[in-house]
Each structure stands twice: as structure tokens, then as C-alpha cells.
Amino acid sequence: MSGSAGNLVQGRDISGGVHFHSSPVTAGPRPAQLPGEARGFVNRIRELESLDAAVASAAARGGTALRLALIVGTAGVGKTSLAVRWAHQVRDLFPDGQLYVNLHGYDPGPPVAATDVLVRFLRALDIPVERIPTGEEPRAELFRSSMAERRILIVLDNAATAGQIRPLLPGAPNCLVVITSRTRMSGLVAREGAYRVSLETLSQSASVQLLRTVLAAYRTSDNDEELAELARLCARLPLALRIVAERAAARPRMPLRDLIADLRDESGLWDALSAEDEQNPEQTDAVRTVFAWSYRSLTPQAARMFRLLGLHPGPDFSLEAAAALSAVPPVTARRQLDTLAGAHLLEESGHHRYEFHDLLRAYALDQAQSEETEEGRQAASERVLGWYLHSAAAAAQAGANTYTLPVALHPLPENVTAANFQDDKAAIAWYETERANLIAAVQVASAGGMDRIAWQIPAVLTMIIADREPADTWLPTQQMALEAARRAEDRYGEAITLDNLGIAYRHLFQLPQAEEHFSRTLTVFRALGDTLGQARAANGLGVTHMLAHDIDQAAVRFEEALRLVRELGNPLYTGAFTRNLGWALLERGDLHRAETALRQAADVLSAAGESLEQAETLTLLAAVYRRSHRFDEADGAAEQALAIAGDSDATLFEALALLELGRNAIAREEATEALGHLQQAAALFQRAGRPDLQAAAWDATGEAYCLLQRTEDAAGFHRQAATAHRSRGDQWSLAAALAHLAATLVQDRNFLEAQEHCREALQLLANFSGPEAEAKRSHLEALLHSG
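Report follows, based on the coordinates. Everything numeric here is computed off the predicted structure, so don't read it as measured data.

### Considering the overall build of the protein chain
Item 1. Within the protein chain, the regular secondary structure consists of 35 helices and eight strands.
Item 2. Buried positions account for 57% of the 787 residues belonging to the protein chain.
Item 3. For the protein chain, restricting intrachain contacts to residue pairs at least 6 apart in sequence, the fraction spanning at least 24 positions comes to 70%.
Item 4. In the structure as shown, the protein chain presents an accessible area of about 31,700 Å², 48% of it carried by carbon and sulfur atoms.
Item 5. Where the 75 positive side-chain charges of the protein chain centre and where its 100 negative ones centre are 3 Å apart.

### Quick word on the packing of helix α23 (residues 531–547) against helix α25 (residues 571–588)
Item 1. Interhelical geometry of α23 versus α25 gives an angle of 25 degrees and a closest axis separation of 11 Å. The angle between α23 and α25 falls in the class roughly parallel. The chirality of how α23 crosses α25 is left-handed. Contacts from L532, A535, R536, N539, V543 and M546 in α23 reach Y573, F577, N580, W583, A584 and E587 in α25.
Item 2. In terms of residue class, the contact of α23 with α25 is built from eight nonpolar, two polar and two charged.

### Observations concerning the sheet that holds strand β3 (residues 153–159)
Item 1. Judged by pairing direction, the sheet is parallel, and its five strands sit side by side in the order β2-β3-β4-β1-β5 without closing on themselves. Only two strands of the sheet have a single neighbouring strand rather than two, namely β2 (98–102) and β5 (195–198). Strand-to-strand twist of the sheet, defined as the mean angle between neighbouring strand axes without regard to direction, takes the value 15 degrees.
Item 2. When β3 meets strand β4 (residues 176–181), the two strands line up parallel, connected through five bridges. Counted as the bridge partner of L153 is L176 from β4.
Item 3. Across the sheet, helix α3 (residues 114–124) lies against β2 and β3, angled at about 155 degrees from β2, the strand it touches most.

### Regarding the packing of aromatic side chains
Item 1. Using the criterion set out here, one finds 16 aromatic pairs in the structure.
Item 2. Centroid distance Y295 to Y363: 6.0 Å. Interplanar angle 85 degrees. Geometry classified as edge-to-face. Highlighted residues: Y295 in helix α11 (residues 281–296) and Y363 in helix α15 (residues 358–371), separated in sequence by 68 residues.
Item 3. Overall, the relative accessible area of 4% leaves Y295 in the buried class.
Item 4. You can call Y363 buried: its relative accessible area is 1%.
Item 5. Three or more aromatic residues link up through ring pairs in this structure, and these residues are F291, Y295, F306, F317, Y354, F356 and Y363.
Item 6. The ring centre of W293 lies 4.1 Å from the NZ or CZ of R247, which sits over that ring.

### Focus: helix α4 (residues 136–147)
Item 1. Taking 1.5 Å of rise per residue, twelve residues should cover 16 Å, and α4 covers 16 Å from first to last C-alpha, within 8% of that figure.
Item 2. Among the residues of α4, R139, A140, L142, F143, S146 and M147 are the ones counted as buried. All buried residues of α4 fall inside an arc of 165 degrees around its axis, so they share one side. Of the exposed residues in α4, the ones pointing more than 90 degrees away from its buried face are E137 and S145.
Item 3. Lining the buried residues of α4 we find β2, α3 and β3.

### Some points on the pattern of salt bridges
Side-chain pairs of opposite charge can arise whenever the charged atoms involved come near each other.
Item 1. Under the criterion given, the structure shown has 47 salt bridges.
Item 2. In this structure, D107 engages R361 in a salt bridge whose closest nitrogen and oxygen atoms are separated by 3.3 Å. Placement of D107 in the loop between β2 and α3 and of R361 in helix α15 is noted, with a sequence separation of 254 residues between them. In this pair, the class of D107 matches that of R361, namely buried.
Item 3. A salt bridge links R435 to E469, with the nearest nitrogen and oxygen atoms 2.5 Å apart. Of this pair, R435 sits in helix α17 (residues 424–447) while E469 sits in the loop between α19 (462–468) and α20 (475–487), and the two are 34 residues apart along the sequence.
Item 4. We classify R435 as buried; its relative accessible area is 15%.
Item 5. Each of R123, E432, R435 and E469 takes part in one network of salt bridges that share partners.

### Thoughts on the side chain of H390
Item 1. Within the fold, H390 resides in helix α16 (residues 374–399).
Item 2. Its relative accessible area of 17% is what places H390 among the buried residues.
Item 3. In this structure the side chain of H390 is engaged in a polar contact, spanning 3.4 Å, whose partner is the backbone nitrogen of L412.
Item 4. Not counting residues within four places of it along the chain, the set of residues in contact with H390 comprises L409, H410, P411, L412 and A418.

### Describing the pairing of β3
Item 1. Among the seven residues in β3, seven count as buried, and that is most of the element.
Item 2. The pairing of β2 with β3 spans five bridges and is parallel. The residue of β3 that forms the bridge with V101 is L156.

### Quick word on the pairing of β2
Item 1. In terms of burial, β2 is a largely internal element, five of the five residues being buried.
Item 2. Burial along β2 is two-sided: Q98, Y100 and N102 and L99 and V101, pointing in opposite directions, are all buried.

### Some details on the state of the cysteines
Item 1. What the rule picks out here adds up to zero disulfides.
Item 2. C706 takes part in no disulfide bond, and the closest cysteine sulfur to it belongs to C758, at a distance of 14 Å.
Item 3. What makes C706 buried here is its relative accessible area of 14%.

### Examining the sheet that holds strand β6 (residues 316–318)
Item 1. Pairing in this open sheet of three strands is antiparallel, and the strands run β6-β8-β7 from one edge to the other. Edge positions in the open sheet fall to β6 and β7 (347–350), since each of these has one partner strand only. With strand direction ignored, the average angle separating the axes of adjacent strands in the sheet is 35 degrees.
Item 2. Relative to strand β8 (residues 353–355), β7 runs antiparallel, the two sharing three bridges. Opposite E347, over in β8, you have E355 as the bridge partner.

### Observations concerning empty space enclosed by the protein
Item 1. This model, assessed by the stated rule, comprises one cavity of 30 Å³ or more.
Item 2. Considering only enclosed or pocket space, the largest cavity measures out at about 100 Å³ in volume.
Item 3. Lining the largest cavity we find 13 residues, and of these I465, A466, Q478, I503 and A504 sit closest to its centre.
Item 4. Residue assignment for the lining of the largest cavity shows that the elements contributing at least two residues are α19, α20 and α21 (491–507).
Item 5. Among the elements that make up the lining of the largest cavity, the one with the highest residue count is α21 (four residues).
Item 6. Grouping the constituent residues of the lining of the largest cavity by class yields eight nonpolar, four polar and one charged.

About the thresholds
- Residues numbered from 1 in each chain as written.
- Predicted model: local features only at pLDDT ≥ 70, side-chain atom pairs only at ≥ 80, totals over all residues.
- Heavy atoms only, no water.
- Helix = DSSP H or I, 4+ residues; strand = E, 2+ residues; numbered from the N terminus.
- Buried < 20%, exposed > 50% of the residue type's maximum accessible area, 1.4 Å probe, protein only.
- Contact = heavy atoms within 4.5 Å.
- Areas by Shrake-Rupley, 256 points an atom, 1.4 Å probe, with all protein chains shown as cover.
- Lys, Arg positive; Asp, Glu negative; His and termini not counted.
- Charge placed at Lys NZ, Arg CZ, Asp CG, Glu CD.
- Axes fitted to C-alpha atoms, helices over the stretch in contact; angles between N-to-C directions.
- Parallel < 35°, antiparallel > 145°, perpendicular 65-115°, else oblique.
- Left-handed = near helix turned anticlockwise from the far one by under 90°.
- Nonpolar A, V, L, I, M, F, W, Y, C, P; charged D, E, K, R; others polar.
- Pairing = 2+ DSSP bridges.
- Phe/Tyr/Trp six-rings, centres within 6.5 Å; stacked < 30°, edge-to-face > 60°.
- Lys NZ or Arg CZ within 6 Å of the ring centre and 35° of its normal.
- Expected span 1.5 Å × (residues − 1).
- Arc of directions from axis to C-beta.
- Salt bridge = Lys/Arg side-chain N within 4 Å of Asp/Glu carboxyl O.
- Polar contact = N/O pair within 3.5 Å; in protein donor to acceptor, adjacent residues only side chain to side chain.
- Disulfide = S-S within 2.5 Å.
- 1 Å grid on protein atoms, 1.4 Å probe; cavity = no way out; pocket = protein on both sides within 12 Å on 5 of 7 lines; lining within 4 Å.
- Points joined across faces, edges and corners; volume = space filled by probe spheres on them.

What follows is the structure, encoded as C-alpha cells:
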């Protein structure tokens with residue numbers, strides 16, 4: 001329920017996670033992301049030896065490792081092939097694995113943002129999504145920390161600027177980053193000490209060797225003079241040479257001189273591109289000539305597929321997306337894609353997945369714009385965007401649909417079949433693979449006037465995004481979706497998108513923005529007379545108020561949400577919102593009413609088959625019993641929650657139950673027992689990746705150490721909690737942690753520092769009212785004068 005029902009474990013009394021300084025770091029997986037080597041790789045011996053020598057030279061200088069290798073050169077010269085070839089040769093020097101990303105710095109579309117690459121790399125290093133912070137700088141810091149004890153090889157392909165590169169550089173001296181770019185990246189050489197290798201076009205002999213290597217199994221009688229002429233027409237660029245070689249291999253009985261004549265004729269026809277690359281006009285003309293020559297040799301069906309693929313939202317795509325784009329059955333699409341891959345106009349990047357070289361993608365888009373009518377281009381875009389929308393809806397239905405508001409989808413065009421999924425794992429795997437394309441699809445739909453599709457894609461993915469993504473991953477896209485819904489004058493779409501933005505801002509702990517968006521959501525749903533939408537928005541406001549520790553307002557909103565869903569007779573929402581109300585009553589100290597609400601919620605959720613929601617409710621109920629000094633009942637409820645969560649292999653809910661068992665042991669002054677529970681909880685919270693919960697648990701651990709008279713350890717945990725709360729901007733929790741720290745310091749007779757923390761906590765508490773805030777202020781005033 002981390003999205004619509006409110007991420008109830010966030011910032012709550014029972015929430016947290018414990019990190020013990022003695023706990024070993026869990027070893028992550030060994031990523032192996034290098035692409036396969038290019039077929040027919042030849043020569044480049046000098047460049048490979050130069051890179052090897054740089055590694056050896058760096059090692060000879062007292063063990064200082066080479067950290068950056070930069071391969072630069074013109075488009076199509078073979079930078080990626082060289083980088084991947086060398087990376088495979090040296091990968092055994094990096095036992096912790098390899099990371100690879102194509103930054104698409106020169107694609108027709110936008111380049112990949114460094115912040116998105118960092119998420120991809122952190123996930124590959126087994127960092128749970130919940131531990132990944134928002135923003136480029138915090139992610140870069142976490143990446144450097146995660147790489148500190150590792151020896152990993154990183155390949156950053158097709159970088160356009162040093163700005164794309166710098167956030168992705170590890171600080172560890174034993175990692176190596178290999179970068180390819182069309183620019184010389186002089187700043188990286190000067191500032192970061194990158195070793196630069198400039199890649200020139202192949203020599204004539206190497207070009208002939210490449211052609212013979214590719215053609216060896218198909219034609220052996222071609223003479224060197226004709227092969228050299230073919231290489232000259234290709235400007236001795238490996239990309240063009242491979243395309244020409246594939247065509248020659250496909251026509252083994254056609255004399256090479258005829259192929260050369262065809263290519264010369266095409267060169268004479270091609271005169272439009274010279275001015276686009278003033279530095280290398282001959283090479284640019286040669287590449288475009290080869291592209292055109294190869295394109296015109298395709299069947300009409302394959303040529304149509306090629307140019308329509310230029311309209312695809314992203315640079316890589318699946319067989320099914322290509323079929324939708326071209327309105328042909330998948331079996332037909334597969335034949336056409338195989339033809340394009342065989343002609344070296346596409347690369348097969350995985351099972352039923354393909355990608356363009358950036359030059360070929362730009363060329364395909366040019367052909368679509370020149371050969372397809374505007375209506376044809378629009379229809380193709382609508383087909384593929386409709387496929388992404390309906391496939392996303394199917395993934396959400398299979399993977400996380402329980403709390404998603406209904407959406408009347410934009411109709412799926414004829415001859416298009418959406419993806420379907422056997423189970424939630426397949427659905428989530430599809431989403432993970434297509435995330436970048438889904439975001440790009442929203443951008444393309446918005447720019448192309450398909451506003452309904454633009455807002456509906458993130459709308460159907462509400463719970464997947466809320467449960468599985470750092471809060472800022474989709475934030476710009478959701479803002480774009482809101483603009484699209486408003487342009488379309490679709491009030492329902494506007495309300496759903498406002499609700500999604502409220503969830504995102506709440507997860508970012510930007511509570512004023514979250515409250516503003518949930519309030520707007522409520523206003524729109526009221527105007528529409530949508531009862532369920534109003535209930536969700538009221539609940540969203542309630543959770544936002546809880547995180548701001550405005551308990552009375554939270555209770556009002558939860559009661560409003562509960563009244564609305566009772567009108568609908570929806571047991572799932574009734575159970576969830578009753579539980580939320582019980583949470584608010586618990587925090588307000590109204591233990592009798594909290595117990596009644598939580599018992600009711602547990603029964604409703606159990607009857608609805610929502611076992612994990614039931615487990616979370618039982619953990620809250622245990623907290624009620626603990627505060628009522630009914631410690632045996634508290635243990636019973638928490639142990640029941642632990643058993644339910646364990647049966648479902650639900651790490652987070654197990655950890656919450658263990659944490660409550662630890663808190664209950666502290667209340668019974670059984671500190672050693674408490675630390676045992678907390679240590680188990682700590683390991684599970686680390687696995688679940690919930691740093692937002694860890695600070696509360698650090699505070700609880702400090703309390704346990706205080707019981708053991710280990711005040712130095714206790715103060716360390718309280719300080720750690722205070723630092724975490726401060727960085728998040730959680731003033732209430734920060735004040736509580738500072739109060740605990742001050743009490744510990746008083747126990748240790750460190751009165752001066754204790755008074756400093758008391759004063760800060762009192763300043764923070766001035767922003768809060770109510771009996772609990774007043775009790776904390778009284779406690780702090782007593783501490784302040786205790787010395």
C-alpha cells in the first residue's frame with residue numbers, strides 16, 4: 001500500500017531499521033553487462049597494445065591503477081567495437097564484474113541522463129530501489145560508496161559531453177572506466193587524467209582484411225583491387241564496411257564490380273548531407289551513401305519496417321513493439337527484422353530485442369519523414385504508443401493493480417495486440433525492460449498531440465511506479481502527463497495525475513507540495529462526483545499529515561476517506577482506511593479507540609485475503625498493547641504478524657514485526673532480548689532497502705544500549721538517527737532523536753552538549769501543538785536544567 005493507501009510504514013512509531021556497526025556488508029551480485037564482440041573484428045593491434053601498455057605503465061608507478069581510458073573518433077569508425085573487444089580481454093582483472101551503458105549521446109532523441117544511469121548501475125549492484133536517493137548528486141555519492149571496495153570495469157559508450165561522464169565515475173582507484181566519444185574530451189584528460197586513444201579509419205589493408213573476414217564463408221574469388229575500391233567507397237569506416245560486406249555475402253554470385261558500380265551510382269545520387277559534417281564530409285557522404293545503397297536493396301516490406309522503426313520512441317525495441325508499429329503479425333515482423341539485422345541495419349541486442357546504431361536511427365527517421373505521409377507517420381506512432389499503453393495496463397493488472405483507479409483506455413488500433421503476462425514476475429520484468437521506452441512514449445505522445453495516451457500511461461502504472469521506483473524517476477513525466485490531461489480537458493485524467501504527483505512528492509518528503517496536489521485531486525474528484533477518487537485523495541492527505549505529525553488533521557482525513565468507501569461497500573479500502581485511522585488514534589494516544597479500529601481492520605483485511613495488510617495492522621495493534629503496558633498481548637500480536645509475513649516471504653513486514661518485538665522488550669527492560677530482535681530486523685531492513693525507516697530503529701537501539709548502561713554506544717545510535725532525520729527534513733523525528741540523545745548525555749554527565757541538543761529540540765517543537773508535543777517540551781525543559 002505504499003502508493004494510494006499511503007506507504008503506511010513510512011515515518012511511523014513502529015517503523016525503522018537498525019544498522020549495527022559490526023554487521024558485515026552483504027556481498028552483491030557480480031554484474032556481467034558487456035555486449036558480445038563484433039563479428040569480424042580485425043586489426044586495431046596498435047590501439048589494443050596502447051591500452052594494454054597504459055594499464056602496465058600505471059601499475060608500474062607504485063600500484064596506481066589506470067582509472068579512465070578514452071577512445072575517441074568519428075562516427076562509424078569502430079569505437080564501440082574496440083572498447084568492447086578490449087573490455088573482454090581485460091575483464092578478468094576486475095573480479096567484481098562489468099557495467100555497461102550506451103549513453104546515446106548522438107541519437108536523434110535525448111541522451112540518457114546520468115541520474116538514470118546511476119539508478120541502473122545501483123540496481124545492478126543489488127542496491128534496493130528504496131535505498132536509492134533522489135537527485136544526481138546523492139545517487140553519485142551512493143554509487144561511489146557502493147563501488148569503494150569493488151574492482152569493476154565500466155564501459156560508458158557514446159558519450160557526448162564530459163557532463164554525462166563525471167557523475168558516473170567511481171572514486172575507487174581499482175575500478176576502470178572505458179569511455180567512447182566522438183569528441184576529444186580534453187577536460188577529462190586534463191582534470192581526471194584520462195588516457196586517450198584516437199581511433200582513425202582503417203588502413204586499406206585492414207579494410208580489405210575486414211571484408212575478407214566477413215565474406216570468407218560466402219565468396220572467396222574477389223580480388224584485392226576490387227575490395228580496396230569497395231573500402232575506399234566506404235571511407236574505410238568499419239560500420240559502412242560491415243553493411244557492404246553483408247550485402248555482398250548475400251549475393252555470392254554477383255560480381256563485386258557490379259556491387260561497386262551500384263555503390264558509385266548511389267554516391268552520385270546522394271548530395272544532401274555534405275554540409276552536415278564539415279569536418280569529415282567525405283566520411284559522412286560515404287556512410288550515408290552506404291546506408292542508402294543498402295536501404296534501396298531491401299524488399300518494400302523490409303524497407304517500410306526500417307523507416308517506421310525510426311519513429312519508435314526509444315533506440316531499442318522488442319519484436320512485439322515493431323509488429324505494432326508496422327501493423328504486421330509478429331511472425332512477419334520477425335522475418336523483416338531478421339532481414340534488417342542480416343543487412344547490418346539493426347543489431348539484435350537480446351531475445352527478440354533489437355537496437356539501432358545512432359547514425360542508422362537518424363537515417364531511418366529521415367526516410368520515414370521523406371517517404372511516409374504525415375497521416376501514415378501519425379498512424380504508426382499511434383499504433384506503437386497504443387501498444388505501450390495497453391501493455392502497461394496489462395502489466396499493472398498482473399503485477400500491482402489492487403489500488404489503481406479505473407482508466408477507460410484509449411482504444412487499441414486495429415491489427416495491434418498488446419502484451420500479456422502469465423504472472424506478476426513476468427509483468428514486472430517487462431516493465432523493468434521497457435521503463436525507458438514507456439517514459440519516452442509519454443514524451444512522444446505529448447509532443448504529438450496524443451494527450452490521452454500521454455496521461456494514461458503513467459496512470460495505469462500508478463502502483464508499479466509507487467512501489468518500485470525512486471520518487472523522482474517519473475516526476476518530470478508525470479508533470480508532462482498533467483499538462484496533457486489539461487490540454488485534453490480531461491478532468492478525470494487530471495485528477496489521477498494530480499494524485500500520482502501527490503504520492504511522488506510525499507515519497508520525496510516534500511510534504512507541502514504533496515498536500516497541495518492531494519488537495520487539488522480532492523477538489524477535482526468532488527466536482528466529478530467520483531466517490532472512490534475522493535476517498536483516495538482524502539487518504540493521501542491523511543498520510544501526508546501523519547508524516548508532518550499533524551495527527552488531528554490526519555484523523556479527520558482518514559475518517560472522511562473511511563466514510564466514503566463504506567458508501568461504496570469496498571471491503572479492501574474499508575479495511576485499509578480503518579487501519580490508517582487506527583494508526584492516527586495510536587499516535588494521538590487514544591489507545592482504546594485505536595485498539596477497536598485496528599481489531600476491526602485486521603478482521604476485514606483477513607476476510608479480504610490481504611494477509612500482508614493484516615500483518616501490518618497486527619504490528620500496529622502490538623504497539624497499542626505495548627503502550628497500554630499489556631506486554632504479553634503485544635508479543636502475541638507481533639509474533640502473529642511475524643508468522644504471516646514469514647509465510648509470504650515479505651521481508652519488510654517481517655522486519656517491522658521484529659522491530660515491534662524489540663520495542664516491547666525495551667518497554668519490559670529486557671535490553672539483551674531487544675537487541676536480539678533488533679539485530680534480526682536490521683538484516684531484513686538492509687535487504688529490503690528502507691533507509692527512510694532506519695533512523696527510527698537507530699533511536700530504539702540507542703534506548704536499548706542506555707538500559708545496558710552503554711551510553712557511548714547509545715549516543716552513537718541517537719546521533720546517527722538525528723543525522724538521518726535532519727537530511728530528510730523530518731523535524732518531529734529529529735526533535736525526538738535529539739531529546740533521546742540529550743537524555744543519554746545527561747546520564748553520561750555531559751551536560752553542556754546535552755543542553756545544546758535540548759535547545760535545538762525545543763526550537764523544532766515550537767512548530768507543533770498538542771499534548772504529545774507539550775509532554776516532549778516539558779521533558780526537554782527538565783533535561784535542560786538537570787545539570
